[in-house]
Amino acid sequence: MYPTLITPPQGATLGDNLGSFTFVHFLSLMYLRHVRSWALVDPFVREGGLAALVNLMSSSSPHLKSQAIDIFMQVRGTCINTRVWC
């Protein structure tokens, strides 16, 4: 479910009013807290979270793009360091 929560609405224009989109708040929560807990990251990845992050990497917003890249790098680093399925 989390990958769906961090996906922008289809057809949305991400101009300057990012706060009006719920997905921004969930992405921030993932970035600030959840990415540090493997118990939360594991289901996120299994449900397609990495694909959702890749989609955000093409955002015109540097804020969203940088958070998506950093989350992706942290998740991949955890996968590599723990030698799990990623």
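Residues numbered from 1 in each chain as written. Predicted model: local features only at pLDDT ≥ 70, side-chain atom pairs only at ≥ 80, totals over all residues. Heavy atoms only, no water.

**Student:** Which residues make up the overall build of the protein chain, and what values do they have?
**Tutor:** Tallying secondary structure elements over the protein chain gives five helices and zero strands in all. Taking all 86 residues of the protein chain together, 35% fall into the buried category. When contacts within the protein chain are restricted to residue pairs at least 6 apart in sequence, long-range pairs at least 24 apart make up 57% of them. About 5300 Å² of surface is accessible on the protein chain, with carbon and sulfur atoms providing 58% of the total. (Helix = DSSP H or I, 4+ residues; strand = E, 2+ residues; numbered from the N terminus. Buried < 20%, exposed > 50% of the residue type's maximum accessible area, 1.4 Å probe, protein only. Contact = heavy atoms within 4.5 Å. Areas by Shrake-Rupley, 256 points an atom, 1.4 Å probe, with all protein chains shown as cover.)

**Student:** Help me get a handle on the environment of S58, residues and values and all.
**Tutor:** Along the polypeptide, S58 turns up in the loop between α4 (49-56) and α5 (62-82). On a C-alpha basis, the gap between S58 and A68 in space is 9.5 Å, while along the polypeptide they are ten residues apart.

**Student:** Explain α4 to me, and be specific about the residues and the numbers.
**Tutor:** All of the buried residues in α4 are G49, L50, A52, L53 and L56. Buried residues in α4, looked at end-on, bunch into an arc of 160°, giving them a common side. (Arc of directions from axis to C-beta.)

**Student:** I'd like a rundown of the nonpolar core, residues and numbers included.
**Tutor:** Within the largest apolar cluster, 18 residues are counted, with the highest numbers of intra-cluster contacts made by I6, L27, L53, I71 and V75. Those elements that provide at least two residues to this core are α2 (22-32), α3 (38-46), α4 and α5. (Core = buried A, V, L, I, M, F, W, Y, C linked by side-chain atoms within 4.5 Å.)

**Student:** How would you sum up α3? Please name residues and give values.
**Tutor:** Taken as a whole, α3 has its buried residues at V41, D42, F44 and V45. One face of α3 carries all of its buried residues, which in axial projection span an arc of 165°. Among the exposed residues of α3, those pointing more than 90 degrees away from its buried face are A39 and R46. Once α3 ends, the next one or two residues include G48, with phi positive near 100°.

Structural measurements only, silent on function.
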